[in-house]
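# Chains, contacts and geometry: an overview
Here is how the chains run, residue by residue.
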Amino acid sequence: MSKSTIRAIVLSDGKPGHYNQSLGVIQQLPGCSYQLLDIAFRSKVRDNLLRVLVRIIARFRLRRGLIRCALRMGLERNVLNQLDAIERADLILSTGSSVAAVNLLLGQLFNAKTVTCRRPSPLGISHFNLAILPKMHWPRRDKRNVCKTIGVPNRISPADLDARRTQYLENSNFGATAIHAPNHRRIGVLIGGEDRYAGISGDTATHLIEVLCRSAETRNCQILLTTSRRTPIDIENLIGARLSNTALCPILVLAHRENSLANPVNQILALSDLVVVTEDSFSMVCEAASSGRRVIILEVDRKTRRHPKRNRVYQEILRLASVRWSDIKNLEEDIARALADSSPVEPLRDTQTAAAAIQRLIYGTTTNN
């Protein structure tokens with residue numbers, strides 16, 4: 001197959017954390033054209049039924065009529081109409097459990113290679129041509145259809161962020177006027193939220209803001225901060241009360257309030273020299289580590305003595321990329337060290353690893369990751 005002829009279908013379940021993984025990989029494939037297809041099911045019951053059905057029949061070579069019947073049973077009419085208009089596909093790529101069954105069916109329908117990011121339930125990875133798995137999901141035994149990444153792929157590219165940084169700083173209509181101050185360095189802050197292992201209390205949030213403000217004032221920096229949808233409202237309100245309407249923090253995006261920035265994480269990563277990201281958000285940690293910026297993963301409040309699987313991944317990220325681990329007691333000192341560090345920045349390269357594995361799959365060579 002010529003390297004300029006790859007045609008791909010990227011399946012979306014509507015969750016940005018999922019489809020951005022797929023898009024990050026597909027956009028790294030040279031000469032690849034793709035169609036993003038939003039998958040909508042006729043009902044949740046039909047979604048679950050399709051998963052169970054495909055788990056049973058995926059091992060068999062299916063007739064086209066049976067495949068189309070299964071798709072008609074599960075998918076809404078507008079999705080079927082879009083599929084009917086597709087004449088050819090060489091690659092089906094998806095992230096997430098709900099679209100995995102559709103991935104396998106379309107792989108047979110179009111005689112295309114099937115690739116999943118993460119391990120979909122209940123299908124598993126056995127019937128996919130390639131599964132892109134982060135370290136916490138690596139199988140105990142090596143499998144030929146597994147591409148091992150450290151974290152998860154994403155759409156973050158250091159070169160793209162550098163270009164955006166120049167564009168933002170030259171555009172007087174972007175953000176607050178203070179963002180264009182030429183002598184300031186910028187500390188990006190990505191705050192996640194609650195999960196069963198960790199959270200952020202009011203005391204920790206208050207201490208964090210104090211450290212950030214002190215570091216910014218002492219070192220002539222600005223703070224660029226965004227919360228996530230998982231950030232508790234009381235923590236958002238506390239942050240907003242302390243950092244709103246101050247030149248020290250020209251970009252403050254609170255996820256539960258209206259804001260004018262369409263993609264605040266990307267814009268903050270582009271403009272920042274150093275990024276502080278809370279430990280609870282695995283996807284944001286992977287994005288920050290891939291950005292070509294120095295990164296501090298911030299330990300927050302632990303809810304249990306058990307350690308999540310992601311911590312094993314973080315240890316590997318600390319080894320491979322320009323990333324530090326810190327807690328709230330040592331954060332100010334670690335910010336100072338990171339800002340003073342003049343060594344070359346080494347980004348995490350999971351997206352490139354995944355794209356290279358797909359190229360080997362498409363062009364018939366083996367995958368050894």
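Residues numbered from 1 in each chain as written. Predicted model: local features only at pLDDT ≥ 70, side-chain atom pairs only at ≥ 80, totals over all residues. Heavy atoms only, no water.

## Topic: the overall build of the chain
Looking only at helices and strands, the chain features 13 helices and 14 strands. If one aligns the C-alpha atoms of the chain with their principal axes, the spans along those axes are about 70 × 45 × 40 Å. Burial statistics for the chain: of 369 residues in total, 53% are counted as buried. Counted over contacts in the chain with a minimum sequence separation of 6, partners at least 24 positions apart contribute 69%. A total of about 17200 Å² of accessible surface is found on the chain, and carbon and sulfur atoms cover 46% of it. The averaged location of the 33 negative side-chain charges in the chain is 11 Å from the averaged location of its 52 positive side-chain charges. (Helix = DSSP H or I, 4+ residues; strand = E, 2+ residues; numbered from the N terminus. Buried < 20%, exposed > 50% of the residue type's maximum accessible area, 1.4 Å probe, protein only. Contact = heavy atoms within 4.5 Å. Areas by Shrake-Rupley, 256 points an atom, 1.4 Å probe, with all protein chains shown as cover. Lys, Arg positive; Asp, Glu negative; His and termini not counted. Charge placed at Lys NZ, Arg CZ, Asp CG, Glu CD.)

## Digging into the side chain of Ser281
With respect to the helices and strands, Ser281 occurs in the loop between strand E11 (274-278) and helix H10 (282-289). The class for Ser281 is buried, based on a relative accessible area of 6%. Apart from residues lying up to four places away in sequence, Ser281 is in contact with Arg230 and Tyr314.

## Quick notes on the packing of aromatic side chains
Inspection of the entire model under this criterion finds two aromatic pairs. Centre to centre, the rings of Tyr314 and Trp325 are 6.1 Å apart; their planes meet at 40°, and the pair counts as tilted. Of this pair, Tyr314 sits in helix H11 (residues 310-320) while Trp325 sits in strand E14 (residues 323-326), and the two are 11 residues apart along the sequence. Residue classification places Tyr314 among the buried residues on the basis of a relative accessible area of 0%. If you follow Lys148 out to its NZ or CZ, it ends over the ring of Trp138, 5.1 Å from the centre. (Phe/Tyr/Trp six-rings, centres within 6.5 Å; stacked < 30°, edge-to-face > 60°. Lys NZ or Arg CZ within 6 Å of the ring centre and 35° of its normal.)

## Let's talk about the sheet that holds strand E1 (residues 6-12)
Judged by pairing direction, the sheet is parallel, and its six strands sit side by side in the order E2-E1-E3-E4-E5-E6 without closing on themselves. Every other strand in the sheet has two partners, leaving strand E2 (32-38) and strand E6 (146-148) as the edge strands with one partner each. Strand-to-strand twist in this sheet, taken as the mean axis angle between neighbours without regard to direction, amounts to 20°. Where strand E3 (residues 91-95) and strand E4 (residues 113-117) come together, five bridges link them in parallel fashion. When the sheet's bridge partners are listed, Leu91 is paired in E4 with Lys113. Along the sheet, helix H5 (residues 100-110) contacts E1, E3 and E4; its crossing angle with E3, the most-contacted strand, is approximately 180°. (Pairing = 2+ DSSP bridges. Axes fitted to C-alpha atoms, helices over the stretch in contact; angles between N-to-C directions.)

## A few points about the pairing of strand E5 (residues 130-133)
The side-chain alternation of E5 yields two buried faces, one formed by Leu130 and Ile132 and the other by Ala131 and Leu133. Pairing of E4 with E5, which is carried by three bridges, proceeds in the parallel orientation. Within E5, the residue paired with Thr116 across the bridge is Ala131. Examined bridge by bridge, E5 and E6 share three bridges and lie parallel to one another. Within E6, the position partnered with Ala131 by the bridge is Val146.

## Considering the side chain of Arg294
For Arg294, the position within the fold is in strand E12 (residues 294-298). Since its relative accessible area comes to 10%, Arg294 is described here as buried. Only 3.3 Å separates the side chain of Arg294 from the backbone oxygen of Asp341, close enough to count as a polar contact. In contact with Arg294, not counting residues within four places along its chain, are Asp273, Leu274, Val275, Ser322, Ala338, Asp341, Ser342, Ser343, Pro344 and Val345. (Polar contact = N/O pair within 3.5 Å; in protein donor to acceptor, adjacent residues only side chain to side chain.)

## Topic: H11
Taken residue by residue, H11 has Arg310, Asn311, Val313, Tyr314, Glu316 and Ile317 as its buried positions. Check the buried side of H11 and you find it contacts strand E8 (198-199), H10, E12, strand E13 (301-302) and E14.

## Some points on the nonpolar core
In this structure, Leu11, Ile39, Leu50, Leu71, Leu75, Val102 and Leu106 are the most contacted members of the largest nonpolar core, which totals 33 residues. Broken down by secondary-structure element, the contributors of at least two residues to this core are E1, helix H2 (44-57), helix H3 (64-74), helix H4 (77-84) and H5. With eight residues, the top contributor of residues to this core is H5. Setting aside anything within four residues of it in sequence, one finds Leu11 in contact with Leu37, Ile39, Ile92, Leu93, Ser94, Thr95, Val99, Val102, Asn103 and Leu106. Of all hydrophobic cores here, the second largest spans 32 residues; its members include Leu269, Phe282, Met284 and Val285. (Core = buried A, V, L, I, M, F, W, Y, C linked by side-chain atoms within 4.5 Å.)

## Structural notes on the environment of Glu279
Of note, Glu279 is situated in the loop between E11 and H10. On the accessibility criterion, Glu279 (1% relative accessible area) is buried. With 17 residues separating them in the primary sequence, Glu279 and Ile296 have C-alpha atoms 9.4 Å apart. If we ignore the near neighbours within four places in the chain, the residues touching Glu279 are Ala198, Ile297, Leu298, Glu299, Val300, Arg302, Arg310, Asn311, Tyr314 and Trp325.

No statement about biological role is implied by the geometric values presented.
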